[in-house]
Amino acid sequence: MNARVWLIKSEPVKYPWSKMLEEGRTFWDGVRNHQAKNNLLAMRSGDFAFFYHSNEGMEIVGLVQVVQEAYPDPTAQEGPWVVVDVVPVASLPKPVGLAQLKSDPICSQMALVRQSRLSVCPVTEAEFQRICEMADWNPPV
DNA sequence: GCCAACGTTGGC
DNA sequence: GCCAACGTTGGC
C-alpha cells in the first residue's frame, strides 16, 4: 500500500471507539506533545491509523483513515497544535492487546511499546501486517 | 494506588 | 545553560 500507517491513542473514558463509530467523523484533538504533533503533521489524506485504547482496555480496537490533513487545533488557545480529521474504516474482529504486542517479536519493537507516553506514533508495514494477522482481519487495501 | 518515563518550568 | 522540582501520562 502507498498510504502510511499510524497509531493514535485515546482513553476510552474520554473518547471510546464506540463514539468514533457513532459520530462517523471527528477531529483528533488534544495532542500537546511536539513529537506527536510532528507525526500529525506528517499524516497525509488516505493514511490509516490504528485506534488504541489507553489506560483502560489497552488494546487496538479499530482502524481509521485520515480524510483531512493537519490544521490548527480549534480547542487550543494558542500554540502550534494541530488536529487531523479521521473516519472509521473497520472494527478489528479480535482486538489486539498490549501484552500480545509486547510478546510478539515484530510488534515488541513498535514505538507504541517502546515509548508508552507518545500518543501518536508511526506503524511500519511489517507491524501493520502482523497486527492485522493477530486481529484475524484482512485489510481492504 | 504506585511508579517509571518524560516533558516543562524556574532558580541559579 | 544546567539541573532540581514538579506535573502528566499510562502501564502494572
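Residues numbered from 1 in each chain as written. Chains lettered and ligands numbered in written order. Predicted model: local features only at pLDDT ≥ 70, side-chain atom pairs only at ≥ 80, totals over all residues. Heavy atoms only, no water.

Peer 1: What is the right way to read the environment of Leu41 from this model?
Peer 2: Of note, Leu41 is situated in helix H2 (residues 34–42). Placed 30 residues apart in sequence, Leu41 and Tyr71 show a C-alpha to C-alpha distance of 8.5 Å. Not counting chain neighbours up to four residues away, the residues in contact with Leu41 comprise Ala70 and Val82. (Helix = DSSP H or I, 4+ residues; strand = E, 2+ residues; numbered from the N terminus. Contact = heavy atoms within 4.5 Å.)

Peer 1: Looking at this structure, how should I read the pattern of salt bridges?
Peer 2: A side chain with one charge may pair with a side chain of the opposite charge, provided their charged atoms come close. Taken as a whole and judged by the stated rule, the model has seven salt bridges. With its nearest N and O atoms 3.0 Å apart, the salt bridge here joins Arg32 to Asp73. Taken together, the residues span a long stretch of sequence, with Arg32 in the loop between strand S2 (26–27) and H2 and Asp73 in the loop between strand S4 (59–72) and strand S5 (82–97) at a distance of 41 residues. Residues participating in the shared-partner salt-bridge network are Asp104, Arg130 and Glu133. (Salt bridge = Lys/Arg side-chain N within 4 Å of Asp/Glu carboxyl O.)

Peer 1: What's the story with the nonpolar core in this structure? I'm lost.
Peer 2: Across soluble globular proteins, nonpolar side chains show a tendency to be buried alongside one another. Counting 46 residues, the largest nonpolar core has Leu7, Phe50, Ile60, Leu101, Met110 and Ile131 as the members making the most contacts within it. Per-element accounting of this core gives the leading share, six residues, to S5. Ignoring sequence-local partners within four residues, the contact set of Ile60 consists of Leu7, Phe50, Phe51, Tyr52, Leu92, Pro95, Val96, Leu101 and Ile131. (Core = buried A, V, L, I, M, F, W, Y, C linked by side-chain atoms within 4.5 Å. Buried < 20%, exposed > 50% of the residue type's maximum accessible area, 1.4 Å probe, protein only.)

Peer 1: I'm lost on the sheet that holds strand S6 (residues 120–123) in this one. Help?
Peer 2: The mixed open sheet is built from six strands, whose spatial order is S2-S5-S4-S3-S1-S6. Only two strands of the sheet have a single partner each, and these edge strands are S2 and S6. The strands touched by H2 within the sheet are strand S1 (5–10), S4, S5 and S6, with S6 carrying the most contacts at an inclination of about 55 degrees. (Pairing = 2+ DSSP bridges. Axes fitted to C-alpha atoms, helices over the stretch in contact; angles between N-to-C directions.)

Peer 1: How should I be thinking about the protein's contact with DNA strand B in this particular structure?
Peer 2: Around DNA strand B, a shell composed of Asn33, His34 and Arg117 is seen. A share of 50% of the atoms of DNA strand B within 4 Å of the protein falls on sugar and phosphate groups. Between a base oxygen of DNA strand B and a side-chain N or O atom of Arg117, the distance comes to 2.3 Å. (Near = heavy atom within 4 Å. Polar contact = N/O pair within 3.5 Å; in protein donor to acceptor, adjacent residues only side chain to side chain.)

Peer 1: Would you mind showing me how to read helix H5 (residues 125–134) here?
Peer 2: Each α-helix turn comprises 3.6 residues. Residues three or four places apart therefore point the same way. Those residues of H5 that fall on the buried side of the exposure criterion are Glu127, Phe128, Ile131, Cys132 and Met134. Buried residues of H5, seen end-on, are gathered within an arc of 160 degrees and therefore sit on one face of the element. The elements touched by buried residues of H5 are S1, strand S3 (48–53), S4, S5, helix H3 (98–102) and S6. Asp136 sits one or two residues past H5 and shows a positive phi near 60 degrees. (Arc of directions from axis to C-beta.)

Peer 1: Could you clarify how one ought to interpret the protein's contact with DNA strand C in this entry?
Peer 2: If you check the shell around DNA strand C, you find Lys9, Glu11, Tyr52, Ser54, Asn55, Met58, Leu98, Lys102, Ser116 and Arg117 and nothing else. Backbone sugar and phosphate groups make up 77% of those atoms of DNA strand C lying within 4 Å of the protein. Taking Tyr52, its side chain carries an N or O atom lying 3.1 Å from a phosphate oxygen of DNA strand C. In this structure, a phosphate oxygen belonging to DNA strand C sits 2.3 Å away from a side-chain N or O atom of Lys102. Across the surface near DNA strand C, the residue classes break down as three nonpolar, three polar and four charged. (Nonpolar A, V, L, I, M, F, W, Y, C, P; charged D, E, K, R; others polar.)

Peer 1: Looking at this model, I keep getting lost on H2. Mind explaining?
Peer 2: Every buried residue of H2 is listed here: Ala36, Lys37, Asn39 and Leu40. The arc that holds the buried residues of H2, viewed along the axis, is 160 degrees, so those residues lie on one side. Of the surrounding elements, those touching the buried residues of H2 are S1, S4, S5 and S6. For H2, the N-terminal cap is Asn33; the gap from its side-chain oxygen to the backbone nitrogen of Gln35 is 2.9 Å.

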